[in-house]
Amino acid sequence: MSFRTPTPTPEDWQEARRLLGEIARLLDVDERHVPATKIRAVLGGDQTALKKSLTSFCMWGGMGSIPDCAFSGVAGADPVVYKRNSRQFMRLYVQLGRLQLKSGMHDGGLWTIGVRPCIRRWVNSFADVLETSAGDGEA
């Protein structure tokens with residue numbers, strides 16, 4: 001029995017770009033959030049730059065990564081808009097992570113060997129938050 005590593009299709013790469021574009025738009029809510037401009041730069045680049053970004057610890061790591069810092073509290077933000085945007089960010093990140101795990105977009109070589117478990121942790125954490133708060137009257 002042999003296991004085949006999935007290979008991302010052109011459609012997978014296109015979907016990853018779409019999700020990243022939506023994530024960047026949400027991050028624009030907080031003008032201080034630098035990764036939105038970094039994501040836009042990646043979106044303007046080639047597939048190699050996209051793959052490098054998708055398998056980076058900036059995208060999926062711990063302290064200081066995009067999911068760790070995004071929507072970590074914007075002073076003066078409308079709480080309803082803030083909650084809606086943060087939940088949408090989580091939904092997009094879950095979709096992106098699931099896409100990467102399904103399609104094989106999680107292996108960027110030797111230096112990203114540990115990114116797959118990080119993707120799973122963020123996907124599971126955000127999916128749990130979204131599921132447990134679904135009864136709060138929000139979709």
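Residues numbered from 1 in each chain as written. Predicted model: local features only at pLDDT ≥ 70, side-chain atom pairs only at ≥ 80, totals over all residues. Heavy atoms only, no water.

1. Points about the overall build of the protein chain
And then number 1: Broken down by element type, the protein chain carries seven helices and zero strands.
And then number 2: The order of helices and strands in the protein chain, counted from the N terminus, is α-α-α-α-α-α-α.
And then number 3: Taken over 139 residues, the protein chain has a buried fraction of 40%.
And then number 4: Considering only contacts within the protein chain whose residues lie at least 6 apart along the sequence, 71% involve residues at least 24 apart.
And then number 5: Of the accessible surface of the protein chain, which amounts to about 8300 Å², a share of 58% is contributed by carbon and sulfur atoms. (Helix = DSSP H or I, 4+ residues; strand = E, 2+ residues; numbered from the N terminus. Buried < 20%, exposed > 50% of the residue type's maximum accessible area, 1.4 Å probe, protein only. Contact = heavy atoms within 4.5 Å. Areas by Shrake-Rupley, 256 points an atom, 1.4 Å probe, with all protein chains shown as cover.)

2. Examining helix α2 (residues 35-43)
And then number 1: Within the sequence span of α2, burial applies to Pro35, Ala36, Ile39 and Val42. For α2, the buried positions fall inside an angular range of 120° around the axis, keeping them on one side. Every exposed residue of α2 that faces more than 90 degrees away from the buried side is listed here: Thr37 and Ala41.
And then number 2: Buried residues along α2 sit against α1 (10-27), α3 (47-54) and α5 (66-69). (Arc of directions from axis to C-beta.)

3. Focus on helix α7 (residues 115-132)
And then number 1: For α7, with 18 residues, the first-to-last C-alpha span of 26 Å sits near the 26 Å given by 1.5 Å per residue.
And then number 2: Of the positions making up α7, those classed as buried are Val115, Cys118, Ile119, Trp122, Val123, Phe126, Ala127 and Leu130. Along the axis of α7, the buried positions cluster into a sector of 155°, meaning they face one direction only. Exposed and oriented more than 90 degrees from the buried face of α7 are Arg121, Glu131 and Thr132.
And then number 3: In this fold, the buried residues of α7 make contact with α4 (57-60), α5 and α6 (79-103). (Expected span 1.5 Å × (residues − 1).)

4. Concerning the confidence of the model for the protein chain
It should be kept in mind that the predicted coordinates are not to be read in detail where pLDDT is low.
And then number 1: In this model, the protein chain carries an average pLDDT of 84, and 82% of its residues clear a pLDDT of 70 or more.
And then number 2: Looking at the elements of the protein chain, mean pLDDT is at its lowest for α5, recorded as 88, and at its highest for α1, recorded as 95. (pLDDT = per-residue confidence, 0-100.)

5. Observations regarding the pattern of salt bridges
And then number 1: Using the criterion set out here, one finds four salt bridges in the structure.
And then number 2: Asp12 is paired through a salt bridge with Lys102; the nearest N and O atoms lie 3.6 Å apart. Of this pair, Asp12 sits in helix α1 while Lys102 sits in helix α6, placing them 90 residues apart in sequence.
And then number 3: Owing to a relative accessible area of 56%, Lys102 belongs among the exposed residues under this scheme.
And then number 4: For Asp28, the salt bridge identified is with Arg40, shortest N-O distance 2.0 Å. With a gap of 12 residues between them, Asp28 in the loop between α1 and α2 and Arg40 in helix α2 connect regions that are remote in the sequence.
And then number 5: For Arg40, a relative accessible area of 37% translates into the label partly exposed.
And then number 6: Several salt bridges share partner residues, and in doing so they unite Glu15, Arg18 and Glu22 into one network. (Salt bridge = Lys/Arg side-chain N within 4 Å of Asp/Glu carboxyl O.)

6. A closer look at the nonpolar core
And then number 1: Residues Ile23, Leu27, Leu54, Trp60, Phe89, Tyr93 and Leu96 are the most contacted members of the largest nonpolar core, which totals 34 residues.
And then number 2: Secondary-structure elements contributing two or more residues to this core are α1, α2, α3, α4, α6 and α7.
And then number 3: When neighbours within four sequence positions are excluded, Leu54 is seen to be in contact with Trp13, Ala16, Leu20, Met59, Trp60, Leu96, Gln100 and Met105. (Core = buried A, V, L, I, M, F, W, Y, C linked by side-chain atoms within 4.5 Å.)

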